[in-house]
Number of protein chains: 2
Amino acid sequence: MYDFEFHNPTKIIFGKGSHHKIGEVLKKDGVKKVLFVYGQSSIKKIGLYDDVVKSLIDNGIEFIEHGGVKPNPVLSHTKEGIEKAKRYKVDAILSVGGGSVLDEGKAIAVGAVSDVDVWEYFLGKREITKALPNYTILTLAATGSEMNGYAVITNEETQEKLSIGSIHTFPKVSILNPELTLTVPTSYQAYASVDAIAHVIEWYFTCSVCPNISNLLVESVVKSVIDTTKRILKNPQDYDARAEFMWTATLALNGITRPGYKDGVYINHMIAHSLGALYDLPHGACLSIVIPAWMWWYKDKNPSQFERFARQIFGLSSKEEGIKALKKFFKEIGAPVSLQDGGIPSSDIDKIANHVYNTTAKIWGLDKIYTPEKLKEILYLALRSNIE
Amino acid sequence: MYDFEFHNPTKIIFGKGSHHKIGEVLKKDGVKKVLFVYGQSSIKKIGLYDDVVKSLIDNGIEFIEHGGVKPNPVLSHTKEGIEKAKRYKVDAILSVGGGSVLDEGKAIAVGAVSDVDVWEYFLGKREITKALPNYTILTLAATGSEMNGYAVITNEETQEKLSIGSIHTFPKVSILNPELTLTVPTSYQAYASVDAIAHVIEWYFTCSVCPNISNLLVESVVKSVIDTTKRILKNPQDYDARAEFMWTATLALNGITRPGYKDGVYINHMIAHSLGALYDLPHGACLSIVIPAWMWWYKDKNPSQFERFARQIFGLSSKEEGIKALKKFFKEIGAPVSLQDGGIPSSDIDKIANHVYNTTAKIWGLDKIYTPEKLKEILYLALRSNIE
């Protein structure tokens, strides 16, 4: 059991109809004016936009709109939001949408109280010492952004996809109403499921000290994702399955599965971020392409964890069978499991490897282990038929 | 999945030597004067008292001592602490010890900013709307008090053992150094293990809606308690086992295993509180006497959860086998599993049943279900040989 700190101050309000409480929640906290951040038209289609506006007005909360957040949120739009937040002197950010909207909301919360270019925080040149309080209503369970301090933004000019993380960017309150996810299409559900699994297995497989209690919690999350995803794909209107998945995805990245692990790294996310930046594929799809390949490449470096995974999750006896079973699950739910599945030509492997190496690997200090040559080895394993 | 709210703002600092950070932590939060709450001489014997005092002095924190907290903390001593906190105008409470010390610290934190008799909060006559911030250093993992808002105090005059719970009484920071638990005797470890299991199984067995993800988390906690307890009893100096147990006991009652359950009640705690109040037995010992009896009495009221427990925890196929296996585990680790084991005469069953009914059952609103007759049925099952 390695030394750790755990601190997650986000309050979760979970349940049917819970989004109607947003105005009341803000009022209770003394918030008077918010920047209302959202994505495309979907929140208007399902009536959520109207519900939120009504709740804000009923509680006397002023709001400035900042719609149009992209699925992979971009720096230019974030900067527009920061400008609005400053111009209208809002006292909080209200983000309504999926992980992308929540992430952009956090980045705006940081930039709104800072005089420097917000990208400097992503480049690790500045430390986040404050942010506006941010509140969220989640419409797509996947990233866990509703209960952590992380935000991932893409700089379109430099093609870098980078993250920040701070205690100051944890949402103050996140409202999770599973009813809002009943219309999430099966393809996005599949990506969301991959993402939630990815969040917990990164440290599980790369730890040098791996405490049993954290392993058990990780396995609980993975088992729940597999169980709920199957139930959702069978019946998208299954409220309980949607609800259990939603909370499971939150648990997957709210820090509770990590204590005591030593040396964990987000290696699959590192490669997936480059695929996302280069090909504009959904994050979960990038992960399902990378994970089986990386697992195969890494399995002998931490054999006991890979054997444990095969046994606990699938009741199988070898690491190789465990990896194949996970790949099969990804495939069954409709997630891509090879570069070809993602429409990425094998001739791009060099380009991808260099992109990973020169961006995230260097920034995260993983360039010593993950050289372009090693990254190419992993990417070759992501070609169809290399792990069957 | 039933609607829920989750909010746990406590920061955990976990690891070797971590208690030396207390002065620094308080200073960073702007605390200038604390009431230093502790129990008997044990923190002095292990050098912890000196370490804490040094860290406080080094960081310019004034402190007023309030030692002598009893294993089942009592109201009169709590009131003395409240008086000191008011007289010396402390800005925070620092509790150093096991769950009893932490509980008394929380009750003092409530009373110190209130003009009414603190017992009124325990009787449910007043709502807690504020409290002094409380900080803790834990020396005995068991109650989970280090990461929740609960406190249990015994009123010696009325022989009532009651609890409070509030968002305002969550510790601001709790420091968990597993090294401090290396000297915990095996008997106390056994009680602690029973307590941690009790915290998670109450809702698990009494839920009317029982989501898979929460069931998986509960089972993770129980598995970890069984695993670590065996390792600790085999080798009390096993740091990793002590550390994993310590964090597991925190998880058992920090709220993370409860979301989505409907209708859970702390029925075993209810009965155990009366045994504690009447016989001054350790809380864990009261629980290990009650739990197998109550499980046997209740098993057919929620058969799927009892079957699941047997299968997931012990790999057994019937509810009855699961209960017997848990009773056997309690016995093996040295916890009492019958009234006789606890030195309680069977002729006291009427008295105990009436005590439970007239105190906690009424206050918790469980007197409709748990009438004196039903309570007697359960207590009869706690006689030796009634469940073998």
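As the structure is a prediction and not an experimental result, all values here were calculated from the model. (Residues numbered from 1 in each chain as written. Chains lettered and ligands numbered in written order. Predicted model: local features only at pLDDT ≥ 70, side-chain atom pairs only at ≥ 80, totals over all residues. Heavy atoms only, no water.)

K.L.:
Teacher, can you tell me more about the confidence of the model for chain A here?
P.N.:
The predicted coordinates of low-pLDDT regions are not to be read in fine detail. Counting all residues, the mean pLDDT for chain A is 96, and 100% of those residues have values of 70 or more. Confidence estimates for the predicted assembly give a pTM of 0.96 and an ipTM of 0.95. (pLDDT = per-residue confidence, 0-100.)

K.L.:
Honestly, unusual backbone geometry in this entry has me stumped. Any pointers?
P.N.:
For residues other than glycine, phi is negative in most cases, and the peptide bonds are mostly trans. Phi angles above zero are rare outside glycine, and Asp263(A) is one such case at about 75°. The residue Asp263(A) is located in the loop between helix H9 (239-252) and helix H10 (267-279) in this model. Judged by its relative accessible area of 48%, Asp263(A) falls in the partly exposed class. The backbone phi angle of Gln159(B) is positive, close to 55°, even though this residue is not glycine. One can find Gln159(B) in the loop between strand E7 (150-155) and strand E8 (160-165). (Helix = DSSP H or I, 4+ residues; strand = E, 2+ residues; numbered from the N terminus. Buried < 20%, exposed > 50% of the residue type's maximum accessible area, 1.4 Å probe, protein only.)

K.L.:
I would appreciate a short explanation of the interface of chain A and chain B in the present structure.
P.N.:
Many descriptions give the size of an interface as the accessible area lost when the pieces come together. On the chain B side, the residues contacting the 35 residues of chain A number 35 residues. Where chain A abuts chain B, roughly 3,200 Å² becomes buried across the two surfaces, and 62% of that area is made up of carbon and sulfur atoms. Considering only the surface of chain A that becomes buried against chain B, Met1(A), Ile213(A) and Trp247(A) emerge as the three largest contributors, covering 19% of it. Viewed at the interface, chain B and chain A are joined by two salt bridges. The shortest N-O distance in the salt bridge between Lys11(A) and Glu5(B) comes to 3.4 Å. Between chain A and chain B we count 17 residue pairs in polar contact (both at pLDDT 80 or more) in total. Elements represented by at least two residues in the side of chain A that touches chain B include exactly strand E1 (4-6), strand E2 (11-14), helix H8 (212-234) and H9 of chain A. For the side of chain A that touches chain B, the element with the highest residue contribution is H8(A), accounting for eight residues. Grouping the constituent residues of the side of chain A that touches chain B by class yields 18 nonpolar, nine polar and eight charged. (Contact = heavy atoms within 4.5 Å. Buried area = accessible area lost by both parts, 1.4 Å probe. Salt bridge = Lys/Arg side-chain N within 4 Å of Asp/Glu carboxyl O. Polar contact = N/O pair within 3.5 Å; in protein donor to acceptor, adjacent residues only side chain to side chain. Nonpolar A, V, L, I, M, F, W, Y, C, P; charged D, E, K, R; others polar.)

K.L.:
Help me out: how do you make sense of the domain arrangement of chain A in this one?
P.N.:
Residues and elements named next belong to chain A. For chain A, the assigned domains read domain 1 (11-180) and domain 2 (186-381). The distance between the C-alpha centroids of domain 1 and domain 2 comes to 26 Å. Each partner contributes to the interface: domain 1 provides 25 residues, whereas domain 2 provides 27 residues. Buried surface at the junction of domain 1 and domain 2, summed over both partners, amounts to about 2,200 Å²; 65% is from carbon and sulfur atoms. Between the two partners, domain 1 and domain 2, sit zero salt bridges. In this structure, the connection of domain 1 to domain 2 is made through four residue pairs in polar contact (both at pLDDT 80 or more). For the side of domain 1 that touches domain 2, the secondary structure elements donating two or more residues are E2, strand E7 (150-155) and strand E8 (160-165). (Domains from an automatic or database assignment.)

K.L.:
Please clarify how helix H13 (residues 319-332) of chain A should be interpreted in this entry.
P.N.:
Side chains of residues three or four places apart in an α-helix project in the same direction, reflecting 3.6 residues per turn. All names here are of chain A. Taking 1.5 Å per residue as the helical rise, H13 with its 14 residues ought to reach 20 Å, and the 20 Å between its terminal C-alpha atoms agrees with that figure. Where H13 is concerned, the buried positions are Lys319, Gly322, Ile323, Ala325, Leu326, Lys327, Phe329 and Phe330. Residues of H13 that are buried sit in contact with helix H7 (186-206), H8, helix H11 (283-298) and helix H12 (303-314). Once H13 finishes, Gly334 follows within two positions and takes phi at roughly 95°, a positive value. (Expected span 1.5 Å × (residues − 1).)

K.L.:
How should the sheet that holds strand E6 (residues 134-138) of chain A be read in this particular structure?
P.N.:
Strand pairing in a sheet takes place through backbone hydrogen bonds and is either antiparallel or parallel in direction. The strand order across the open sheet built from seven strands is E4(A)-E3(A)-E5(A)-E6(A)-E9(A)-E2(A)-E1(B), with neighbouring strands paired in mixed fashion. Looking at strand neighbours, the two that pair on one side only are strand E4 (62-66) of chain A together with strand E1 (4-6) of chain B, the edges of this open sheet. Geometrically, the sheet is characterised by an average inter-axis angle of 15° between neighbouring strands, direction not taken into account. Relative to strand E5 (residues 92-97) of chain A, strand E3 (residues 33-38) of chain A runs parallel, the two sharing five bridges. Bridge pairing links Phe36(A) to Leu94(A) in E5(A). Against the sheet, helix H4 (residues 75-87) of chain A engages E3 and E4 of chain A, with an angle of about 160° to E4(A). Contacts between helix H5 (residues 99-111) of chain A and the sheet are confined to E3, E4, E5 and E6 of chain A, with E5(A) contributing the most and set at about 165° to the helix. (Pairing = 2+ DSSP bridges. Axes fitted to C-alpha atoms, helices over the stretch in contact; angles between N-to-C directions.)

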